[in-house]
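Residue-level structural notes
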Amino acid sequence: MSLVFWLWKLTLFSLAAILFSPKQCISQKDTDRKYPFMQNAASAPSVSYYDYIIIGGGTAGCPLAATLSQNHTVLLLERGGSPYGNPNITNLSAFGVPLADTSPSSPAQRFVSEDGVLNSRARVLGGGSCLNAGFYTRASPHYVREVGWDGKLVNESYKWVERVVAFQPPVRQWQSAVRDGLLEVGVLPYNGFTYDHIYGTKIGGSIFDQNGHRHTAADLLEYANTNTITLLLHAIVHRILFTTNKDGSSSRPVAHGVVFKDDRGREHRAYLNRGTRNEIIVSAGALGSPQLLMLSGIGAAHHLREHNISLVLDQPLVGQGMSDNPMNAIFVPSPQPVEVSLIQVVGITNFGSYIEAASGENFNGRSRRDFGMFSPKIGQFSKLPPKQRTPEAIAKAIERMERLDQEAFKGGFLLEKIMGPISRGHLELQNTDPNENPIVTFNYFQDPRDLEMCIQGISTIERVINSTAFSPFKYNNMSVSMLLNMTANSPVNLLPKHTNTGRSLAQFCRDTVMTIWHYHGGCQVGRVVDSNYKVLGIDALRVIDGSTFNYSPGTNPQATVMMLGRYMGVKILRERLVDDETK
């Protein structure tokens with residue numbers, strides 16, 4: 001096989017293979033028995049009552065529920081199943097397999113934004129922390145001050161999370177070369193291993209432990225009071241119920257219950273106990289939270305009328321301000337084997353781009369190859385006319401993948417993500433089915449400042465690839481321009497391709513944009529919720545999750561989303577305590 005032909009095949013398929021491929025490993029201990037309060041929603045009573053009802057057992061919902069359960073009865077409703085006992089979630093070497101699973105029971109629900117970028121939202125207890133690449137890093141002190149959080153409580157909340165889910169990763173050859181390459185090209189200083197967000201190059205934390213086992217937000221339910229918390233899996237919330245609270249001359253809607261269905265289609269209702277401090281809290285994520293508010297009658301009046309939804313509050317800002325941090329990557333085939341690694345090293349530049357890396361050797365698995373979310377089984381054939389998306393065509397593409405030389409699976413990625421971002425999009429309902437994805441547009445690179453950050457980030461990656469430190473992992477006869485064109489020809493999104501993309505970094509950024517699953521917005525602070533995350537114009541209703549963010553915190557938001565769940569849980573308990581003492 002000629003080098004050119006091998007490289008063509010390599011670039012067409014290996015981008016997905018490196019990031020999204022399975023191995024069968026021994027699963028972590030089954031933790032179902034550890035949570036006696038966890039049950040299928042089908043076993044729930046038709047009507048029940050609680051002090052707090054939390055919608056969404058994800059990255060924010062689990063720590064929030066665990067905290068509030070210390071003093072009050074809590075119902076936690078999760079639309080997905082349990083992550084425990086699933087090796088494709090637990091094991092680092094199986095990263096990406098859930099993202100490739102498009103079955104109705106998959107822990108990841110595929111959606112394609114109107115921008116043409118493949119994406120996923122979590123559908124599992126623990127949320128995105130069950131699916132992501134595991135990087136753990138805090139928000140910067142500047143971010144904390146800008147948001148207006150209590151710095152002391154923020155630090156305490158991060159530590160509460162870190163005692164359960166954060167670890168120092170083992171840094172081996174590929175990650176070390178990227179680290180040293182970043183330092184060589186001037187991404188300074190070197191800050192060693194730290195959870196803190198600091199300019200320069202550092203080793204961040206990971207939610208994968210030393211054995212390569214993933215720890216998720218679901219593990220934070222270890223802190224829960226088992227006597228006061230109820231967790232229902234496969235509970236699809238259809239709408240929030242409201243009554244009217246007459247306060248003087250004005251009338252305000254008050255959230256007082258929810259309607260949800262179990263996996264057998266049976267309807268259940270849960271209501272708040274009597275008490276002015278009891279609340280419903282939406283933690284359904286950046287897609288789920290604005291979607292549920294709209295389905296419940298909170299949104300732009302004209303849009304809700306289009307779907308025959310009764311209006312509770314005309315709030316046109318619900319679903320606005322959607323953002324997704326664009327990721328662009330360069331695949332670098334290696335002349336020697338590299339370790340399996342996800343994100344460990346990060347270069348935090350002063351121009352607004354974060355440089356990271358992932359690598360892998362022999363990602364084919366033991367019995368079969370699965371090319372993840374870019375597999376012809378699910379992704380790249382969506383560009384073809386329907387008549388050409390035949391089972392025979394897909395089978396032939398898979399067969400070609402199966403024949404790839406083992407050498408094609410040596411290598412890794414250097415990627416960059418821009419901070420912010422500045423560009424904004426929007427979300428709207430597709431229909432009134434809560435199981436279906438809403439329609440979302442992120443408008444990647446709509447703001448030229450985002451594009452400039454990407455260009456500088458890719459330029460920095462080019463210099464890292466050409467650095468002395470990285471030279472053992474690069475073929476001498478392969479220019480960076482060749483690598484750019486190779487990567488641009490891979491099926492990373494559904495956008496049209498351009499020839500000689502390597503000549504224009506701006507075109508490369510536009511053509512190869514991908515998600516890094518850090519989307520946020522839709523229920524932003526100051527627009528939909530106040531600084532205490534209470535929905536403006538509604539009583540007894542909050543939104544606490546990444547949908548409230550105006551900008552993504554740090555290089556990865558999951559640590560801050562988990563922290564926020566704990567932080568707000570503590571604040572809510574303290575508010576109630578003060579209120580009780582003043583009575």
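See the structure printed just above.
The rules behind each value
- Residues numbered from 1 in each chain as written.
- Predicted model: local features only at pLDDT ≥ 70, side-chain atom pairs only at ≥ 80, totals over all residues.
- Heavy atoms only, no water.
- Helix = DSSP H or I, 4+ residues; strand = E, 2+ residues; numbered from the N terminus.
- Buried < 20%, exposed > 50% of the residue type's maximum accessible area, 1.4 Å probe, protein only.
- Areas by Shrake-Rupley, 256 points an atom, 1.4 Å probe, with all protein chains shown as cover.
- Contact = heavy atoms within 4.5 Å.
- Pairing = 2+ DSSP bridges.
- Axes fitted to C-alpha atoms, helices over the stretch in contact; angles between N-to-C directions.
- Phe/Tyr/Trp six-rings, centres within 6.5 Å; stacked < 30°, edge-to-face > 60°.
- Lys NZ or Arg CZ within 6 Å of the ring centre and 35° of its normal.
- Salt bridge = Lys/Arg side-chain N within 4 Å of Asp/Glu carboxyl O.
- Core = buried A, V, L, I, M, F, W, Y, C linked by side-chain atoms within 4.5 Å.
- Parallel < 35°, antiparallel > 145°, perpendicular 65-115°, else oblique.
- Left-handed = near helix turned anticlockwise from the far one by under 90°.
- Nonpolar A, V, L, I, M, F, W, Y, C, P; charged D, E, K, R; others polar.
- Polar contact = N/O pair within 3.5 Å; in protein donor to acceptor, adjacent residues only side chain to side chain.

Assigned secondary structure in the protein consists of 14 helices and 26 strands. Per-residue burial over the protein gives 62% buried out of 583 residues. When the accessible surface of the protein is split by element, carbon and sulfur atoms take 49% of a total near 22200 Å².

This next bit is on the side chain of H303. When you line up the elements, H303 lands in helix α9 (residues 301-306). Take H303: its relative accessible area is 7%, and that puts it in the buried class. In contact with H303, other than residues within four places in its own chain, are M294, E428 and L429.

What follows is about the sheet that holds strand β15 (residues 279-282). The strand order β1-β11-β4-β3-β15-β26 describes an open sheet built from 6 strands, whose pairing is parallel. Edge positions in the sheet fall to β1 (38-40) and β26 (541-543), since each of these pairs with one other strand and no more. When the angles between neighbouring strand axes are averaged without regard to direction, this sheet yields 20 degrees. With 3 bridges joining them, β15 and β26 adopt parallel strand pairing. Each bridged residue has a counterpart across the sheet, and for I281 the counterpart in β26 is R542.

What follows concerns the packing of aromatic side chains. For the structure shown, the criterion picks out 16 aromatic pairs. Look at Y35 and Y84: their rings are 5.9 Å apart centre to centre, the planes differ by 70 degrees, and that puts the pair in the edge-to-face class. A residue pair is termed long-range when its members are at least 10 positions apart, and Y35 in the loop between α1 (3-19) and β1 and Y84 in the loop between β4 (74-77) and α3 (87-90) qualify at 49 residues. Pair check on accessibility: Y35 and Y84 agree, each one buried. Note on W174 and F473: the rings are 5.7 Å apart at their centroids and 70 degrees apart in plane angle, and the pair reads as edge-to-face. With W174 in helix α7 (residues 173-184) and F473 in the loop between α11 (448-465) and α12 (480-488), this pair connects stretches of sequence that are 299 residues apart. Side by side, W174 and F473 carry an identical accessibility label, which is buried. Within the aromatic cluster, the residues linked to one another by ring pairs are F111, F442, Y444 and Y519. The ring of Y551 has R424 lying over it, and the distance from NZ or CZ to the ring centre is 4.7 Å.

Time to look at unusual backbone geometry. The peptide bond linking L188 to P189 adopts the cis configuration, its omega dihedral lying at 0 degrees. Structurally, P189 is set in the loop between α7 and β8 (190-193). Following G420, the chain continues into P421 via a peptide bond in cis, with omega recorded as -10 degrees. You can see P421 is positioned in the loop between β22 (410-418) and β23 (425-428). At H234, a residue that is not glycine, the phi angle is positive and equals roughly 55 degrees. Mapping H234 onto the fold places it in the loop between β11 (229-233) and β12 (236-247). Of the residues examined, H234 reaches a relative accessible area of 29% and is grouped as partly exposed. For F445, which is not a glycine, the phi torsion comes out positive at approximately 60 degrees. Examined against the element boundaries, F445 turns out to sit in the loop between β24 (439-441) and α11. On the basis of relative accessibility, which here comes to 10%, the residue F445 falls in the buried class.

Turning our attention to the pattern of salt bridges. The full count for this structure, using the stated rule, is 10 salt bridges. Residue R138 pairs with E162 through a salt bridge whose shortest N-O separation is 3.0 Å. Remark: E162 occurs in helix α6 (residues 151-165) and R138 occurs in the loop between β7 (135-136) and α5 (141-147); sequence separation between them is 24 residues. With a closest N to O distance of 3.2 Å, E575 and R542 form a salt bridge. Here E575 is found in helix α14 (residues 558-582), whereas its partner R542 is found in strand β26, with 33 residues between them in sequence. Per residue, the accessibility class of E575 equals that of R542, and both read buried. When salt bridges that share partners are traced, they join R277, E279, R542 and E575 into one network.

Turning our eyes to something else, we now look at α12. With 7 of 9 residues buried, α12 lies mostly within the body of the structure. Taken as a whole, α12 has its buried residues at V480, L483, L484, N485, M486, T487 and A488.

Take the nonpolar core next. Of all hydrophobic cores here, the largest spans 134 residues; its most connected members are Y136, W149, L221, I240, V258, F260 and L541. Beyond its immediate stretch of four places on either side in the chain, L221 contacts Y35, F37, C62, A66, L76, L125, I229 and L231. Of all hydrophobic cores here, the second largest spans 18 residues; its members include F95, F135, A329 and F331.

For the rest of this paragraph, the subject is the packing of α11 against α12. At a minimum axis distance of 10 Å, the contact between α11 and α12 shows a crossing angle of 125 degrees. In this view, α11 runs oblique relative to α12, as classed from their interaxial angle. For the crossing formed where α11 meets α12, the hand is right-handed. Residues I458, E462 and I465 of α11 touch α12, and the partners they reach there are V480, L483 and L484. When grouped by side-chain class, the residues that make up the contact of α11 with α12 number 5 nonpolar, no polar and 1 charged.

With that settled, consider the side chain of Q524. Tracing the backbone through its elements, the reader meets Q524 in the loop between β25 (514-515) and β26. Classification of Q524 by relative accessible area gives buried; the value is 2%. A polar contact of 3.5 Å, which involves the side chain of Q524, links it to the backbone oxygen of F549. Within the local environment of Q524, its side chain forms a polar contact with the side chain of N550, the two groups lying 3.3 Å apart.

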